[in-house]
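Fold and contact review
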Amino acid sequence: MREKKLKIAIQKSGRLSEDSARLLKRCDVNFDNGLGKLRSVARNFPIEILFLRDDDIPQYVEDGVADIGIVGENILAEAESNIERIEKLGFGKCRLALAVPRSFEYSSVRDFANKRIATSYPKILQKFLDSNSVKAEIHTISGSVEIAPGIGLADAICDLISSGSTLFTNGLREAESIMDSEAVLVARSGLDGEPRAILEKLLFRIRSVNAAKQNKYILLNAPNEKLDEIIELLPGIKSPTVMPLFQKGWSSVHSVIGEDDFWEVVESLKDAGAEGILVVAIDQMMQ
Ligand code: PRT
Ligand code: ZN
């Protein structure tokens, strides 16, 4: 009998495509994503990858053409589709925000009353305006929203922002943030049986890869009289491993530390007398 495969939809070409493919590859799902490919079957995992436009992914997942997908929360919120959110993936981070020309004297959401706002996210925007009891004219356009005020098409825009440089070069500034977004793994609601079991396997790998990205493995040498102080600085998963060195009075300490306060921890370890500090990237961290 042919083995059943889980079908995953990822963006074909755009801001999420590289990170989505890289995540699967870091989960040891090997496939060919050569230019122009519409689908690909993984060589070593029961999964088939469909390469699609990001806007189409929620519908394809809802309709069951794909079982799961990777898509931005912004697209998901706008599509209002009935699919299950499984996991935030930590890339494609941005925010959907209202922006106005720099000359616009902005003080509160009320200033958008009766204004023309250009956006590709009319549903999210409408909800936001409704929740603030503001009535405005929404102009739905599919691309280059940032040029709308400059060509007289709108008084303001509602668009995604990451670095803010697009706003800046178009003479705009952020007025109001509406939602934060990042890439998420989604699944058809009610997905069960074999596809669900494959999803659980993939999810275990994704979580292990993402946990590993946030942590580093650290090895160091410490004089025994400083061990208590040094161990106090290392949170570790449970507690650090301590092994005697051949040189009397010294120990080797191994532990896992988080990426966020990494440099501070390393500096305080040095101050506390740690030597020969080695830091190693972790591929996967099973939890
Ligand atoms: O062809 P397809 O429809 O698949 O792609 P697309 O062109 O519609 O989408 P794409 O590839 O631009 O974005 C895919 C997803 O990436 C979005 O749905 C978001 O979830 C996420 N993302 C993250 C972003 C940004 N950051 C982003 N900065 N999507 C778009 N932008 C645009 C924004 O619209 C604006 O034009 O980048 C510009 C602003 O960027 P900054 O850095 O100048 O602020
Ligand atoms: Zn799109």
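See the structure shown above.
Residues numbered from 1 in each chain as written. Chains lettered and ligands numbered in written order. Predicted model: local features only at pLDDT ≥ 70, side-chain atom pairs only at ≥ 80, totals over all residues. Heavy atoms only, no water.

**A closer look at helix α8 (residues 262-271)**
Here is the rule we go by: Summary of the burial criterion: residues with accessible area below 20% of their type's maximum are buried, those above 50% are exposed, and those between are partly exposed, where the area comes from a 1.4 Å probe applied to protein chains only. By the criteria applied, helices consist of DSSP H or I runs no shorter than four residues and strands consist of E runs no shorter than two, each listed in order from the N terminus. Directions from the helix axis toward the C-beta atoms define the arc. Contacts are residue-level and defined by heavy atoms, with any inter-residue pair within 4.5 Å sufficient.
Within α8 the residues assigned to the buried category are Phe262, Val265, Val266 and Leu269. One side of α8 carries all its buried residues, which in axial view fall inside an arc of 100 degrees. Exposed and facing more than 90 degrees away from the buried side of α8 are Trp263, Glu264 and Asp271. Each element contacted by the buried residues of α8 is listed here: β12 (215-223), α7 (227-233), β14 (250-258) and β15 (275-281). Positive phi appears at glycine 273, one or two residues downstream of α8, with a value of about 110 degrees.

**Considerations on the packing of helix α1 (residues 17-26) against helix α6 (residues 193-213)**
Note the following rule: Between N-to-C directions, angles span 0 to 180 degrees; the directions come from axes that are lines fitted to C-alpha atoms, helices contributing only their stretch in contact. Oblique is the label for any angle not covered by the other classes, which are roughly parallel (under 35 degrees), roughly antiparallel (over 145) and roughly perpendicular (65 to 115). Three classes are used, and their members are as follows: Ala, Val, Leu, Ile, Met, Phe, Trp, Tyr, Cys and Pro are nonpolar, Asp, Glu, Lys and Arg are charged, and the others, Gly among them, are polar.
Running from amino to carboxyl end, α1 crosses α6 at an angle of 100 degrees, the nearest separation of the two axes being 9 Å. Comparing the axis directions of α1 and α6 gives the class roughly perpendicular. Packed against α1, whose contacting residues are Leu23, Leu24 and Arg26, the element α6 presents Leu202, Ile206, Val209, Asn210 and Lys213 at the interface. Taken together, the residues of the contact of α1 with α6 break down into 5 nonpolar, 1 polar and 2 charged.

**A few points about the coordination of the zinc ion (ligand 2)**
To keep it simple, the criterion reads: Any N, O or S atom lying within 2.8 Å of the metal counts as a donor, with the limit raised to 3.2 Å for Na, K and Ca; because water is left out of the atom set, some sites can appear incomplete. Key to geometry: four donors with every angle between 85 and 135 degrees are tetrahedral; four donors are square planar and six octahedral where opposite donors lie over 155 degrees apart and all remaining angles lie between 65 and 115; all other sites are irregular.
Coordination of the zinc ion (ligand 2) by the protein involves Asp54 (OD) and Asp55 (OD), with metal-donor separations of 2.0 to 2.1 Å. Each of the 4 donor atoms bound to the zinc ion (ligand 2) contributes to angles spanning 73 to 174 degrees, and the resulting shape is irregular.

**Some details on the sheet that holds strand β1 (residues 6-11)**
Neighbouring strands of a sheet are bound in pairs by backbone hydrogen bonds; such pairs are parallel or else antiparallel. Worth spelling out the cut-off: Two strands qualify as a pair provided DSSP detects at least 2 bridges between them.
Taking strand neighbours across the sheet as the criterion, the 6 strands line up as β2-β3-β1-β4-β11-β5 in an open arrangement whose pairing is mixed. Looking at strand neighbours, the two that pair on one side only are β2 (39-41) and β5 (83-88), the edges of this open sheet. Averaged over all neighbouring strand pairs, the angle between strand axes comes to 25 degrees, with direction disregarded. Set on the sheet, α1 makes contact with β1, β3 (47-52) and β4 (68-72); between it and β1 the angle comes to about 145 degrees.

**Section: a nonpolar patch on the surface**
Keep this limit in mind: Residues enter patches when their relative accessible area tops 30% and they take part in no salt bridge; the joining distance is 9 Å for like charges and 5 Å for the nonpolar side chains Val, Leu, Ile, Met, Phe, Trp and Tyr. The protein chains shown are the only cover counted for residues, whose accessible areas, like all others here, come from Shrake-Rupley with a 1.4 Å probe. The rule for a salt bridge is simple: a side-chain nitrogen of Lys or Arg has to be within 4 Å of a carboxyl oxygen of Asp or Glu.
Together, Ile147, Ile151 and Leu153 give the surface a local cluster of nonpolar side chains, amounting to about 270 Å² of exposed area. Mapping leucine 153 onto the fold places it in the loop between β8 (137-140) and β9 (156-161).

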